[in-house]
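Observations on the three-dimensional arrangement
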Amino acid sequence: MYRKVDDRILGLLEGIVEGQVVRDEDLLEPYSHDECALREIWRLPEVVVKPTSDRQVLDVLELAYKEHIPVTARGSGTGLCGGCVPIYGGIVLSLENMNRVLDVDADNLIAVVEPGVTLMQFAPEAQKEGLFFSPRPGDESASFGGIVATNAGGSRALGYGTTRDCTLALEVALPPPYGGIVHLGGRTVKNSSGYSLLHLMVGSEGTLGIVTKQVMRLDPLPVVTNTLIVPYESLHDAIGTVPDILKKGFRPTALEFVQQDVITVAERKREKKSRFSGGQAYLMIEIDATTEEELERIAEGIAGVCEEHNCVDVFLAAGREQEEVWDFRGKLYEAIKEYTLEILDIVVPPAEIANHVDAVQRISEQYGVWIPTYGHAGDGNVHSHVMKVRFKDGDLEWMEEEEWRRVYTPVRDALHEDALKRGGLVSGEHGIGLVKKKYLPMFSDKIRIELMKKVKREFDPRNILNPGKIFDLE
């Protein structure tokens, strides 16, 4: 069992972080959860500490190791699977005060940031140099530390890659027996210098070490960008378009799909019409180019492929219209959040999206629950939402708590079982955290799970770093 944080430990923590200690229960509440809607997983930490340097992080880890106190690292708390919930209490190590942009190196297309820097904070700094950080996970308040911890992807992963592709180097604080800062990767694009401990750390959800500094790849801002909105009567026709777009050599920045039911609810919630009309399913295809002429050629080519697959029309959004389209897409979850039990993060081969969504619909009808679904068509990442409401004739109808509690587990089980049949995986970009660790063994053989557990024990022999996440140690 873990030791509780008593007055003596509090005094030692005060000495390390110089007044940046939170103990008041009302102030602890925001640190008891992330954006996962399942309130039953919320847990109050015993204390929150807010270091400002890697030295302070190391000192907290040394103390926690010696006293056997769990430490849960936290960024902005925008995760969706309980990854930063301190399920054993202990110390929440909030990195919000480590929020400096240390360097934007335009010549080498890299940035050096601390983990508490948010996307919203960083974007203007990069734009001054004509650059941007390509991952778009959907919440501009997300911090770089959390993005690396979950290997966030977002809508631009098709064109630019995930966070793992954009992470060149990390400095990571390790607890004893190593008890120091390890430097992983470098400022170079290529690196074949032994095992990639860097990529092991990306996506490790704070279970192996605490990131204190990051070197991230940047990309030049595109000269011109447009988004095509393509309505279809059939999701099958919409998804069937995607492989042909890619096979014909077009490489959109983003290629999303969304269905009309969730658009209808989001429009009502926001009391504002969107630019989606004329179909039951839509593709959103973002393209960029170096000239207007090149952009027009790409747009015409992609539109031709869409027409071959029975699209209703092709609409072009540019400038302010394009910003409105992506703002609407980015706020879909926010619009339906109050009705949501869980947003799943299943990823399947792209050609299987339509078949998987067909299964989602069958499961929805079988259990009498609305499961709105949208996601990243280009890379097969499907976000199905298990809801507390039904959707009938454009209206929402609340389910009784007893009813949604009865169907919640079998619905999510059935969705994951269908993904497994189609060669899918449990998570494409959100991570496993607390709420999805049940499903990791379904999609992994025993040897892989055991290897991961051995890695965890090597880095964290006393299991103090975010314990209870991804898998349980015996």
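In this text the structure is predicted, and so the values were computed from the model without any measurement.

Scoring rules and cut-offs
Residues numbered from 1 in each chain as written. Predicted model: local features only at pLDDT ≥ 70, side-chain atom pairs only at ≥ 80, totals over all residues. Heavy atoms only, no water. Helix = DSSP H or I, 4+ residues; strand = E, 2+ residues; numbered from the N terminus. Rg over C-alpha atoms; globule rule 2.2 N^0.38 Å. Buried < 20%, exposed > 50% of the residue type's maximum accessible area, 1.4 Å probe, protein only. Contact = heavy atoms within 4.5 Å. Lys, Arg positive; Asp, Glu negative; His and termini not counted. Charge placed at Lys NZ, Arg CZ, Asp CG, Glu CD. Disulfide = S-S within 2.5 Å. Salt bridge = Lys/Arg side-chain N within 4 Å of Asp/Glu carboxyl O. Expected span 1.5 Å × (residues − 1). Bend = angle between axes of the 7 residues up to and from the residue. Phe/Tyr/Trp six-rings, centres within 6.5 Å; stacked < 30°, edge-to-face > 60°. Lys NZ or Arg CZ within 6 Å of the ring centre and 35° of its normal. Pairing = 2+ DSSP bridges. Axes fitted to C-alpha atoms, helices over the stretch in contact; angles between N-to-C directions.

Further remarks concern the overall build of the chain. In terms of regular secondary structure, the chain is built from 16 helices and 21 strands. In terms of C-alpha radius of gyration, the chain reaches 23 Å, essentially the compact-globule figure of 23 Å for 474 residues. Its C-alpha atoms put the chain at 70 × 60 × 45 Å along the principal axes. Here the chain, with 474 residues, has 56% of them falling under the buried criterion. Once local pairs closer than 6 in sequence are excluded, the contacts in the chain between residues at least 24 apart make up 73%. Across the chain, the centroid of the 53 positively charged side chains sits 5 Å from that of the 75 negatively charged ones.

The next subject is the state of the cysteines. Throughout the structure, instances matching the rule amount to 0 disulfides. Left unpaired, Cys36 is separated from the closest cysteine sulfur, that of Cys81, by 7.5 Å.

Assignment of secondary structure puts Leu235 in helix H9 (residues 235-247). Along the chain, Leu235 and Ile353 lie 118 residues apart, while their C-alpha atoms are 9.3 Å from each other. Residue contacts for Leu235: discarding those within four places in its chain leaves Phe257, Gln259, Ala281 and Val357.

This part covers the pattern of salt bridges. Applying the stated criterion across every chain, the model contains 34 salt bridges. A salt bridge links Lys128 to Glu125; the nearest nitrogen and oxygen atoms lie 3.5 Å apart. Judged by relative accessible area, Lys128 falls into the exposed class, the value being 62%. With a shortest N-O distance of 2.3 Å, Arg390 and Glu403 are connected by a salt bridge. Linking Arg390 in strand E20 (residues 389-392) with Glu403 in helix H15 (residues 401-421), this pair joins segments that are 13 residues apart in sequence.

Taking 1.5 Å of rise per residue, the 21 residues of H15 would be expected to cover 30 Å, and the 31 Å separating its terminal C-alpha atoms lies within 8% of that figure. Roughly 35 degrees is the biggest bend found in H15, and it falls at Tyr408, with proline Pro410 one to four residues downstream. Those residues of H15 that sit buried are Trp404, Val407, Tyr408, Val411, Arg412, Asp413, Ala414, Leu415, His416, Asp418 and Ala419. Contacts from the buried residues of H15 go to strand E16 (340-343), strand E17 (346-347), helix H14 (353-367) and strand E19 (381-387). At the C-terminal side of H15, Gly423 shows a positive phi close to 80 degrees.

Turning to the packing of aromatic side chains, a few remarks are in order. With the rule as written, the count across this model stands at 8 aromatic pairs. Where Phe122 meets Phe144, the ring centres are 5.3 Å apart and the plane angle is 80 degrees; that geometry is what we call edge-to-face. Linking Phe122 in helix H4 (residues 119-127) with Phe144 in helix H5 (residues 144-150), this pair joins segments that are 22 residues apart in sequence. The interplanar angle of 55 degrees and the centroid separation of 5.3 Å between the aromatic rings of Tyr339 and Trp398 together place this pair among those described as tilted. Remark: Trp398 occurs in strand E21 (residues 395-398) and Tyr339 occurs in the loop between helix H13 (332-336) and E16; sequence separation between them is 59 residues. Judged by its relative accessible area of 48%, Trp398 is partly exposed. An aromatic cluster is present here, built from Phe122, Phe133 and Phe144 joined pairwise through their rings. One residue, Arg39, lies across the ring of Trp42, its end atom 4.1 Å from the ring centre. Over the ring of Tyr65 we find Arg462, and its NZ or CZ is 5.6 Å from the ring centre.

This paragraph deals with the sheet that holds strand E8 (residues 167-173). The strand order across the open sheet built from 5 strands is E5-E6-E10-E8-E9, with neighbouring strands paired in antiparallel fashion. The strands lining the two open edges of the sheet, one partner per strand, are strand E5 (101-105) and strand E9 (181-185). Each adjacent strand pair in this sheet contributes to an overall mean axis angle of 10 degrees, direction not counted. Where strand E6 (residues 110-113) and strand E10 (residues 210-217) come together, 4 bridges link them in antiparallel fashion. Looking across to E10, one finds that Ile110 is bridged to Arg217. With respect to the sheet, helix H3 (residues 54-67) is in contact with E8, E9 and E10, its orientation differing from that of E10 by roughly 140 degrees. Strands in contact with H4 are E5 and E6; relative to E5, the strand with the most contacts, it is inclined by about 35 degrees.

Among the secondary structure elements, Val386 is positioned in strand E19. Setting aside chain neighbours within four positions, we find Val386 in contact with Thr340, Leu341, Glu342, Leu344, Tyr408, Val411 and Leu415.

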